[in-house]
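# Structural characterization, general
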Amino acid sequence: KKVNRFTRKMETPKPYIVQFFNAPCDYNLRNDVLADYASNILSMELLKAVREDAGATYNIGANVQLLYSTEQPRVLTSIKTPISEPAKVDTAITIIADCMEKATKTIDPEKVAKVKANFMKNADVNLKRNSYWVGTINTFVSKGIDVMTDYKKTVESVTPEDIATFIRNNIVAPGNFLNIVMMPE
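Here we summarise the structure given alongside this text. Computed from a predicted model, the values in this text were never measured in an experiment.

### What about helix α1 (residues 29-53)?
When the terminal C-alpha atoms of α1 are compared, their 35 Å separation across 25 residues agrees well with the 36 Å that a helix rising 1.5 Å per residue should span. Between the side-chain oxygen of the N-cap and the backbone nitrogen of Arg-30 there are 3.2 Å, and the N-cap of α1 in question is Asn-28. Positive backbone phi, approximately 60 degrees, marks Gly-55, located one or two places after α1.

### Examining helix α2 (residues 89-103)
Taking 1.5 Å of rise per residue, 15 residues should cover 21 Å, and α2 covers 21 Å from first to last C-alpha, within 8% of that figure. Along α2, the residues classified as buried are Val-89, Ala-92, Ile-93, Ile-95, Ile-96, Cys-99, Met-100 and Ala-103. When α2 is viewed along its axis, its buried side chains cluster within an angular range of 165 degrees and face the same direction.

### Some details on the packing of aromatic side chains
Under the defined criterion, the tally for this structure stands at four aromatic pairs. A centroid spacing of 4.7 Å and a plane angle of 45 degrees characterise the contact between Phe-21 and Phe-177, whose relative ring orientation is tilted. Pair noted here: Phe-21 is in strand β2 (residues 16-24) and Phe-177 is in strand β5 (residues 177-184), with a separation of 156 residues, a long-range link. Phe-177 shares its class with Phe-21; the two are buried. Between Tyr-37 and Phe-119, the ring centres sit 4.9 Å apart and the planes meet at 65 degrees, which makes this aromatic pair edge-to-face.

Rules of the game
- Residues numbered from 1 in each chain as written.
- Predicted model: local features only at pLDDT ≥ 70, side-chain atom pairs only at ≥ 80, totals over all residues.
- Heavy atoms only, no water.
- Helix = DSSP H or I, 4+ residues; strand = E, 2+ residues; numbered from the N terminus.
- Expected span 1.5 Å × (residues − 1).
- Polar contact = N/O pair within 3.5 Å; in protein donor to acceptor, adjacent residues only side chain to side chain.
- Buried < 20%, exposed > 50% of the residue type's maximum accessible area, 1.4 Å probe, protein only.
- Arc of directions from axis to C-beta.
- Phe/Tyr/Trp six-rings, centres within 6.5 Å; stacked < 30°, edge-to-face > 60°.

Listed below in structure tokens is the structure:
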């Protein structure tokens, strides 16, 4: 775990938090789908807790992605947010940590259902997009992984417990964490 806190002269003086979690992770369709679920669920939880409940930001989100272009496939998670005022930085950091810890234990089934419905709808839309096919073919040619054939079946099979386990084992537990806080001068 590393923390990098620094000040910088800014035109619009607002603190900014960026957090990274980085760990080895097998690249396969199930983990790819779980990473997408984690992105969506964590973003929902962070938005509610940091923005709606604490009023510490206007925008926050999590991006969880599998990287297979490196020798060892990895899962990289980033959380980025401007903070409304310097006095709320430490509060926001604590809330983010609490959200991440909570997500290792339990995931709201209603949020999972909402994300699942969105994934299923988008699966049909994506079949009509060139960018989808380029990515799908590239993944198959470069890694031999078919991310299309069983996509809907995999999305349907995911449970809240699966997502919590993925977040716990592949994002939080490895402990490879960087917290960057940029404060205005």
